[in-house]
Amino acid sequence: MKKSLLYILLALALSYCHRNNSQIIPVDYNQYFEGNDTMTEKQRQTFSRQFISDTYNNTVGKRIPNVKIRDVNGNSTRTDKLIKGETIIVFSALDSEHGIEDLVRNFPTALRHLKENAEDIKGLEDIDDIDVVCLLGQSDNNAVDSDIMRKLANEYSNIYFIHSEDASKLNLLTSPTKLFVKKDKTVAHIAMGYLFDLEDEGKTIWEGVYLMRKELL
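All of these numbers come straight from a predicted model, not from anything done at the bench.

The secondary structure content of the protein amounts to eight helices and seven strands. Within the protein, the proportion of its 217 residues that are buried is 41%.

This is the structure in structure tokens:
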């Protein structure tokens, strides 16, 4: 009986570890960029490449952790309830000018263009079935600009706030960041940074959607 109980406890422990290891592993942003002012340009580029590589490896193929978020009315929910199928999470901190511009203008414009031409692009069939969620990173003292919220409401039906500490658990460390999440809540692709060219933005969305559906194509 004791031996059987030991096997059960061991199996549960291994199961827990497996689930834990399958989640996104947070990357410490400061580890790469603390003391940036004293770095040479070559050092900055090296640390930036390492940061991007580590963030990708710690995020892609891993499950979204179940963290708390708030809707625009202040009601709390969790990310586990947010993802019901294929989902693109678009993120920006509220105080990021480039990130907010991407969420308000670049991403929705590029997505609309892709939808208009979906029949001619491999992997974009039924792209309207993909959910899009707008996540806004907010620290304790971030004010919410009503004009920004009005513009975002014109583009997204799903808008939520996430505390900066919880955003870091999803490796939402740069503004903007996009997570392409499969039905099983694992991340198929992560795209970080602002793109000035709308064509490049469209290519990034297509790449994320293609990787999200690659196993089905």
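The next subject is the packing of aromatic side chains. With the rule as written, the count across this model stands at four aromatic pairs. A centroid spacing of 5.4 Å and a plane angle of 85° characterise the contact between Tyr-29 and Phe-51, whose relative ring orientation is edge-to-face. Placement of the pair is Tyr-29 in helix H2 (residues 29-33) and Phe-51 in helix H3 (residues 41-59), with a sequence separation of 22 residues. A residue is classified by how much of its surface remains accessible, and Tyr-29, at 34% relative accessible area, is partly exposed. Taking the relative accessible area as the measure of exposure, Phe-51 reaches 3% and is therefore buried. Relative to Phe-196, the ring of Tyr-194 lies with its centre 4.8 Å away and its plane at 80°, an arrangement referred to as edge-to-face. With relative accessibility at 16%, the residue Tyr-194 sits in the buried group. Overall, Phe-196 belongs to the exposed group, its relative accessible area being 66%.

The next thing to look at is the sheet that holds strand E6 (residues 177-181). Sheet strands associate in pairs through backbone hydrogen bonding, adopting either a parallel or an antiparallel arrangement. Taken in spatial order, the seven strands of this open sheet run E2-E1-E5-E4-E3-E6-E7, and their pairing is mixed. Looking at which strands have only one partner, the edges of the open sheet turn out to be strand E2 (76-78) and strand E7 (187-192). Neighbour-to-neighbour, the strand axes of the sheet open up by a mean angle of 30°, direction not taken into account. Relative to E7, E6 is paired through five bridges, and the arrangement is antiparallel. Bridge pairing links Val-181 to Val-187 in E7.

On to the pairing of strand E5 (residues 159-163), then. For E5, the buried fraction is high: four of the five residues fall into the buried class. Taken together, the two bridges between strand E1 (residues 68-71) and E5 define a ladder with antiparallel strand orientation. Looking at E5, one finds that Asp-71 is bridged to Tyr-160. The sheet contact formed by strand E4 (residues 131-138) and E5 spans five bridges and is parallel.

To continue, consider helix H8 (residues 198-213). Note that an α-helix has 3.6 residues per turn; residues three or four places apart therefore point the same way. For H8, with 16 residues, the first-to-last C-alpha span of 23 Å sits near the 22 Å given by 1.5 Å per residue. Among the residues making up H8, those that are buried are Glu-201, Gly-202, Thr-204, Ile-205, Gly-208, Val-209, Met-212 and Arg-213. Down the axis of H8, the buried set is contained in an arc of 160°. They therefore lie on one face. In this fold, the buried residues of H8 make contact with strand E3 (87-93), helix H5 (97-116), E6 and E7.

Following both chains from N to C, one finds H5 and H8 inclined at 70°, their axes separated by 9 Å at the closest point. On the basis of their axis angle, the class for H5 and H8 is roughly perpendicular. Viewed along their axes, H5 and H8 form a crossing whose handedness is right-handed. Packed against H5, whose contacting residues are Asp-102, Arg-105, Asn-106, Phe-107, Thr-109, Ala-110, Leu-111 and Leu-114, the element H8 presents Leu-198, Glu-201, Gly-202, Ile-205 and Trp-206 at the interface. Of the residues that constitute the contact of H5 with H8, the class distribution is seven nonpolar, three polar and three charged.

Let's shift gears to the pattern of salt bridges. Under the defined criterion, the tally for this structure stands at twelve salt bridges. Here Asp-102 makes a salt bridge to Lys-178, at a shortest N to O gap of 3.0 Å. Of the two residues, Asp-102 sits in helix H5 while Lys-178 sits in strand E6, which places them 76 residues apart along the sequence. Take Asp-102 and Lys-178: they sit in the same class, and that class is buried. For Lys-203, the salt bridge goes to Glu-199, with nearest N and O atoms at 3.8 Å. Taken together, the positions of Lys-203 and Glu-199, both in helix H8 and four residues apart, correspond to about one turn of that helix.

Cut-offs applied
Residues numbered from 1 in each chain as written. Predicted model: local features only at pLDDT ≥ 70, side-chain atom pairs only at ≥ 80, totals over all residues. Heavy atoms only, no water. Helix = DSSP H or I, 4+ residues; strand = E, 2+ residues; numbered from the N terminus. Buried < 20%, exposed > 50% of the residue type's maximum accessible area, 1.4 Å probe, protein only. Phe/Tyr/Trp six-rings, centres within 6.5 Å; stacked < 30°, edge-to-face > 60°. Pairing = 2+ DSSP bridges. Axes fitted to C-alpha atoms, helices over the stretch in contact; angles between N-to-C directions. Expected span 1.5 Å × (residues − 1). Arc of directions from axis to C-beta. Contact = heavy atoms within 4.5 Å. Parallel < 35°, antiparallel > 145°, perpendicular 65-115°, else oblique. Left-handed = near helix turned anticlockwise from the far one by under 90°. Nonpolar A, V, L, I, M, F, W, Y, C, P; charged D, E, K, R; others polar. Salt bridge = Lys/Arg side-chain N within 4 Å of Asp/Glu carboxyl O.

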